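A structural walkthrough
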Amino acid sequence: LGATLKSLPSAPDMMYFLLGRALYTDGLSAIFVFGGIYGTAIFGWQVVERGLFGIILTLIGVFGALGGGFLDDRIGAKRVIIGSLVFLMIGCIGILSVSATHILFATPYAAKVAGAPPFSSTGEMVFLGFAMLVAAVAAPNQASSRSLLARLAPPDKITQYFGLFAFSGKVTAFLAPFMVATVTAVSGSQRVGMAAILLFLAVGLVLMLPVKERRRSE
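Residues numbered from 1 in each chain as written. Predicted model: local features only at pLDDT ≥ 70, side-chain atom pairs only at ≥ 80, totals over all residues. Heavy atoms only, no water.

**A look at a nonpolar patch on the surface**
The following threshold applies: Grouping into patches uses exposed residues only, defined as over 30% relative accessible area, and leaves out salt-bridged ones; the cut-off is 9 Å for like charges and 5 Å for nonpolar side chains (Val, Leu, Ile, Met, Phe, Trp, Tyr). Accessible areas in this description were obtained via Shrake-Rupley with a 1.4 Å probe; residue shielding takes into account the shown protein chains only. The term salt bridge refers to a pairing of a side-chain nitrogen on Lys or Arg with a carboxyl oxygen on Asp or Glu at a separation within 4 Å. Put simply, DSSP H or I for four residues or longer makes a helix, DSSP E for two residues or longer makes a strand, and each gets a number counted from the N terminus. Residue burial is assigned from relative accessible area. The probe radius is 1.4 Å, only protein chains are included, and a residue is buried under 20% of its type maximum, exposed over 50%, and partly exposed in between.
Judged by side-chain polarity, Leu1, Leu5, Phe167 and Val171 come together as a nonpolar surface patch covering roughly 370 Å² of accessible area. Inspection of the secondary structure assignment puts Leu1 in the segment before helix H1 (2-7). You can call Leu1 exposed: its relative accessible area is 58%.

**Describing helix H6 (residues 158-171)**
Side chains three or four residues apart in an α-helix point the same way, a direct result of the helix having 3.6 residues per turn. Selection rule: Take the residue count of a helix, subtract one, and multiply by 1.5 Å to get its expected span. In this description, the arc belongs to the directions extending from the helix axis to the C-beta atoms.
Taking 1.5 Å of rise per residue, the 14 residues of H6 would be expected to cover 20 Å, and the 20 Å separating its terminal C-alpha atoms lies within 8% of that figure. Within H6 the residues assigned to the buried category are Tyr161, Leu164, Phe165, Ser168 and Gly169. The buried residues of H6 all sit within an arc of 135° when viewed along its axis, so they share a single face. Residues of H6 that are exposed and point over 90 degrees away from its buried face: Thr159 and Lys170.

**What to know about the environment of Arg79**
Along the chain, Arg79 falls in helix H4 (residues 77-96). Arg79 sits 134 residues away from Glu213 along the chain, and the two C-alpha atoms are 9.5 Å apart.

**Section: helix H7 (residues 175-187)**
Under the 1.5 Å per step criterion, the end-to-end length of H7 is 18 Å for 13 residues, consistent within 8% with the ideal 18 Å. Remark: Gly188 follows H7 within two positions and exhibits a positive phi of approximately 75°.

**As for the environment of Ser84**
What counts here: Whether two residues are in contact is decided by their heavy atoms: any pair within 4.5 Å suffices.
Tracing the backbone through its elements, the reader meets Ser84 in helix H4. When the C-alpha positions of Ser84 and Leu133 are compared, they lie 9.7 Å apart, and in sequence the two are 49 residues distant. Not counting the four nearest positions on each side in its chain, Ser84 is found in contact with Val137 and Asn141.

**Details of unusual backbone geometry**
Peptide bonds are mostly trans, and most non-glycine residues show a negative phi. Positioned with a positive phi, Leu104 is a non-glycine residue whose angle comes to about 50°. Mapping Leu104 onto the fold places it in the loop between strand E1 (102-103) and strand E2 (107-108). The phi angle at Phe119 is positive, at roughly 60°, despite the residue not being glycine. Looking at the element boundaries, Phe119 is found in the loop between E2 and helix H5 (122-152). Accessibility expressed as a relative area gives 11% for Phe119, which makes it buried.

**Let's talk about the packing of helix H2 (residues 12-43) against helix H9 (residues 197-208)**
Put simply, the test is: Convention adopted: a line fitted to C-alpha atoms gives each axis, helices being fitted over their contacting stretch, and angles between N-to-C directions are expressed from 0 to 180 degrees. Just so you know how the angles are binned, under 35 degrees is roughly parallel, over 145 roughly antiparallel, 65 to 115 roughly perpendicular, and the rest oblique. Whether a crossing is left-handed or right-handed is set by the direction in which the near helix is turned from the far one by less than a right angle, anticlockwise for left-handed and clockwise for right-handed. Any residue that is not Ala, Val, Leu, Ile, Met, Phe, Trp, Tyr, Cys, Pro, Asp, Glu, Lys or Arg is counted as polar, Gly included; the first ten are nonpolar and the last four charged.
Where H2 contacts H9, the two axes come as close as 8 Å, and the packing angle between them is 155°. Between H2 and H9, the crossing angle belongs to the class labelled roughly antiparallel. In terms of crossing hand, the pair formed by H2 and H9 is left-handed. When H2 is examined against H9, the residues Tyr16, Phe17, Leu19, Gly20, Leu23, Tyr24, Asp26, Gly27, Leu28, Ala30 and Ile31 are found in contact with a partner set consisting of Ile197, Phe200, Leu201, Val203, Gly204, Leu207 and Met208. Here the residues of the contact of H2 with H9 are counted per class, giving 14 nonpolar, three polar and one charged.

Everything listed is a geometric property; what it means functionally is a separate question.
If you want it as C-alpha coordinates, here you go:
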(Lines give C-alpha, C1' and ligand atoms only; values in the text may rest on other atoms or scores of the structure.)
Protein backbone atom coordinates (compact mmCIF):
# COMPACT_ATOMS: atom_id res chain seq x y z
CA LEU A 1 0.00 0.00 0.00
CA GLY A 2 2.78 2.40 0.90
CA ALA A 3 4.68 1.70 -2.30
CA THR A 4 1.54 2.18 -4.40
CA LEU A 5 0.77 5.50 -2.72
CA LYS A 6 4.34 6.72 -3.25
CA SER A 7 4.11 5.86 -6.96
CA LEU A 8 0.93 7.92 -7.52
CA PRO A 9 2.66 11.28 -8.25
CA SER A 10 4.38 9.63 -11.21
CA ALA A 11 0.92 8.64 -12.54
CA PRO A 12 -1.03 11.94 -12.32
CA ASP A 13 -4.06 10.65 -14.23
CA MET A 14 -4.51 7.85 -11.73
CA MET A 15 -3.85 10.17 -8.78
CA TYR A 16 -6.43 12.76 -9.85
CA PHE A 17 -8.93 10.05 -10.66
CA LEU A 18 -8.61 8.26 -7.30
CA LEU A 19 -8.84 11.53 -5.35
CA GLY A 20 -11.83 12.72 -7.36
CA ARG A 21 -13.55 9.37 -7.17
CA ALA A 22 -13.14 9.17 -3.39
CA LEU A 23 -14.85 12.54 -3.00
CA TYR A 24 -17.70 12.18 -5.47
CA THR A 25 -18.49 8.64 -4.29
CA ASP A 26 -18.68 9.92 -0.73
CA GLY A 27 -21.04 12.66 -1.87
CA LEU A 28 -23.17 10.19 -3.82
CA SER A 29 -23.45 7.88 -0.81
CA ALA A 30 -24.50 10.81 1.35
CA ILE A 31 -27.29 11.70 -1.10
CA PHE A 32 -28.79 8.23 -0.73
CA VAL A 33 -28.34 8.17 3.05
CA PHE A 34 -29.75 11.62 3.76
CA GLY A 35 -32.16 11.96 0.82
CA GLY A 36 -34.73 9.64 2.39
CA ILE A 37 -34.23 11.27 5.78
CA TYR A 38 -34.78 14.70 4.24
CA GLY A 39 -37.92 13.52 2.46
CA THR A 40 -39.25 11.98 5.67
CA ALA A 41 -38.63 15.21 7.58
CA ILE A 42 -40.44 17.30 4.95
CA PHE A 43 -43.42 15.09 4.13
CA GLY A 44 -43.75 12.97 7.26
CA TRP A 45 -43.32 9.74 5.30
CA GLN A 46 -44.12 6.50 7.06
CA VAL A 47 -42.82 2.99 6.40
CA VAL A 48 -44.92 2.50 3.24
CA GLU A 49 -43.71 5.70 1.58
CA ARG A 50 -40.08 5.05 2.50
CA GLY A 51 -40.30 1.50 1.19
CA LEU A 52 -41.88 2.57 -2.10
CA PHE A 53 -39.28 5.33 -2.42
CA GLY A 54 -36.47 2.79 -2.16
CA ILE A 55 -38.10 0.34 -4.59
CA ILE A 56 -38.72 3.03 -7.22
CA LEU A 57 -35.15 4.31 -7.05
CA THR A 58 -33.75 0.78 -7.29
CA LEU A 59 -35.79 0.05 -10.43
CA ILE A 60 -34.74 3.35 -12.02
CA GLY A 61 -31.13 2.49 -11.18
CA VAL A 62 -31.38 -0.75 -13.17
CA PHE A 63 -32.34 1.09 -16.34
CA GLY A 64 -29.71 3.74 -15.64
CA ALA A 65 -27.05 1.05 -15.39
CA LEU A 66 -28.06 -0.45 -18.74
CA GLY A 67 -27.95 2.94 -20.44
CA GLY A 68 -24.68 3.82 -18.75
CA GLY A 69 -23.01 0.68 -20.08
CA PHE A 70 -24.08 1.56 -23.60
CA LEU A 71 -22.73 5.11 -23.25
CA ASP A 72 -19.48 3.90 -21.69
CA ASP A 73 -18.82 1.81 -24.80
CA ARG A 74 -19.72 4.66 -27.15
CA ILE A 75 -18.27 7.84 -25.60
CA GLY A 76 -15.87 6.60 -22.93
CA ALA A 77 -15.91 6.22 -19.16
CA LYS A 78 -14.61 9.71 -18.32
CA ARG A 79 -17.42 11.45 -20.21
CA VAL A 80 -20.01 9.23 -18.54
CA ILE A 81 -18.56 10.08 -15.11
CA ILE A 82 -18.47 13.82 -15.78
CA GLY A 83 -21.97 13.81 -17.27
CA SER A 84 -23.33 11.82 -14.34
CA LEU A 85 -21.75 14.23 -11.85
CA VAL A 86 -23.40 17.20 -13.56
CA PHE A 87 -26.80 15.47 -13.38
CA LEU A 88 -26.14 14.42 -9.77
CA MET A 89 -25.60 18.05 -8.83
CA ILE A 90 -28.75 19.08 -10.69
CA GLY A 91 -30.69 16.34 -8.91
CA CYS A 92 -29.27 17.29 -5.53
CA ILE A 93 -30.15 20.97 -6.03
CA GLY A 94 -33.63 19.94 -7.17
CA ILE A 95 -34.15 17.82 -4.05
CA LEU A 96 -33.02 20.71 -1.86
CA SER A 97 -35.38 23.07 -3.70
CA VAL A 98 -38.35 21.23 -2.19
CA SER A 99 -39.66 22.19 1.24
CA ALA A 100 -42.89 21.50 3.10
CA THR A 101 -44.53 24.49 1.39
CA HIS A 102 -42.50 25.31 -1.77
CA ILE A 103 -40.94 23.64 -4.81
CA LEU A 104 -38.02 25.05 -6.81
CA PHE A 105 -37.28 27.23 -3.75
CA ALA A 106 -39.98 29.83 -4.45
CA THR A 107 -43.11 28.21 -5.94
CA PRO A 108 -45.79 27.39 -3.33
CA TYR A 109 -47.88 24.25 -3.55
CA ALA A 110 -50.90 22.83 -1.76
CA ALA A 111 -50.20 20.63 1.24
CA LYS A 112 -50.92 16.91 0.99
CA VAL A 113 -54.46 15.96 1.94
CA ALA A 114 -54.73 13.55 4.87
CA GLY A 115 -55.30 10.00 3.67
CA ALA A 116 -54.15 10.75 0.10
CA PRO A 117 -52.11 8.10 -1.79
CA PRO A 118 -48.30 8.13 -1.50
CA PHE A 119 -46.49 10.75 -3.58
CA SER A 120 -49.75 12.48 -4.53
CA SER A 121 -48.78 16.03 -3.54
CA THR A 122 -46.94 18.31 -5.95
CA GLY A 123 -43.99 18.58 -3.57
CA GLU A 124 -43.64 14.80 -3.30
CA MET A 125 -43.84 14.35 -7.07
CA VAL A 126 -41.14 16.97 -7.70
CA PHE A 127 -38.97 15.51 -4.95
CA LEU A 128 -39.41 12.00 -6.37
CA GLY A 129 -38.62 13.23 -9.90
CA PHE A 130 -35.28 14.70 -8.87
CA ALA A 131 -34.51 11.62 -6.76
CA MET A 132 -35.16 9.43 -9.82
CA LEU A 133 -32.69 11.54 -11.79
CA VAL A 134 -30.07 10.88 -9.11
CA ALA A 135 -30.85 7.14 -9.16
CA ALA A 136 -30.63 6.99 -12.96
CA VAL A 137 -27.08 8.36 -13.08
CA ALA A 138 -25.73 6.82 -9.87
CA ALA A 139 -25.13 3.34 -11.29
CA PRO A 140 -23.40 4.59 -14.48
CA ASN A 141 -21.18 6.77 -12.31
CA GLN A 142 -20.05 3.84 -10.19
CA ALA A 143 -19.72 1.36 -13.07
CA SER A 144 -17.79 3.76 -15.30
CA SER A 145 -15.46 4.57 -12.41
CA ARG A 146 -14.39 0.91 -12.40
CA SER A 147 -14.21 0.90 -16.18
CA LEU A 148 -11.97 3.96 -16.20
CA LEU A 149 -9.68 2.48 -13.56
CA ALA A 150 -9.22 -0.61 -15.72
CA ARG A 151 -8.20 1.63 -18.63
CA LEU A 152 -5.83 3.79 -16.59
CA ALA A 153 -4.01 1.08 -14.66
CA PRO A 154 -0.94 -0.62 -16.18
CA PRO A 155 -1.71 -4.31 -16.74
CA ASP A 156 1.03 -5.44 -14.35
CA LYS A 157 -0.37 -3.25 -11.52
CA ILE A 158 -4.08 -3.53 -12.06
CA THR A 159 -4.75 -5.52 -8.88
CA GLN A 160 -2.77 -2.99 -6.82
CA TYR A 161 -4.83 -0.11 -8.16
CA PHE A 162 -8.15 -1.92 -7.76
CA GLY A 163 -7.16 -2.55 -4.15
CA LEU A 164 -6.31 1.13 -3.70
CA PHE A 165 -9.59 2.00 -5.46
CA ALA A 166 -11.56 0.01 -2.87
CA PHE A 167 -9.46 1.31 0.03
CA SER A 168 -9.84 4.97 -0.97
CA GLY A 169 -13.60 4.59 -1.13
CA LYS A 170 -13.71 3.29 2.45
CA VAL A 171 -11.17 5.53 4.14
CA THR A 172 -12.99 8.76 3.23
CA ALA A 173 -16.54 7.43 3.70
CA PHE A 174 -17.05 9.43 6.90
CA LEU A 175 -16.29 12.84 5.36
CA ALA A 176 -19.61 13.71 3.70
CA PRO A 177 -21.83 12.51 6.59
CA PHE A 178 -19.56 14.38 9.03
CA MET A 179 -19.76 17.53 6.93
CA VAL A 180 -23.55 17.29 6.61
CA ALA A 181 -23.94 16.76 10.36
CA THR A 182 -21.56 19.61 11.23
CA VAL A 183 -23.12 22.14 8.85
CA THR A 184 -26.62 21.12 9.97
CA ALA A 185 -25.68 21.59 13.63
CA VAL A 186 -24.02 24.96 13.02
CA SER A 187 -26.71 26.35 10.71
CA GLY A 188 -29.71 24.76 12.39
CA SER A 189 -31.01 23.84 8.91
CA GLN A 190 -31.15 20.35 7.46
CA ARG A 191 -31.38 21.83 3.97
CA VAL A 192 -28.16 23.84 4.42
CA GLY A 193 -26.46 20.75 5.83
CA MET A 194 -27.49 18.68 2.82
CA ALA A 195 -26.12 21.39 0.51
CA ALA A 196 -22.62 20.48 1.73
CA ILE A 197 -22.88 17.35 -0.42
CA LEU A 198 -22.62 19.54 -3.51
CA LEU A 199 -19.07 20.48 -2.50
CA PHE A 200 -17.95 16.84 -2.71
CA LEU A 201 -19.53 16.38 -6.13
CA ALA A 202 -18.12 19.64 -7.47
CA VAL A 203 -14.54 19.03 -6.26
CA GLY A 204 -14.69 15.46 -7.58
CA LEU A 205 -15.79 16.81 -10.96
CA VAL A 206 -12.94 19.34 -11.06
CA LEU A 207 -10.38 16.65 -10.23
CA MET A 208 -11.72 14.49 -13.07
CA LEU A 209 -11.22 17.15 -15.75
CA PRO A 210 -7.42 16.73 -16.23
CA VAL A 211 -7.62 12.91 -16.33
CA LYS A 212 -6.65 11.54 -19.74
CA GLU A 213 -8.49 8.37 -20.71
CA ARG A 214 -6.70 6.02 -23.07
CA ARG A 215 -8.59 4.88 -26.13
CA ARG A 216 -9.38 1.21 -26.50
CA SER A 217 -6.75 0.85 -29.23
CA GLU A 218 -4.11 1.99 -26.73
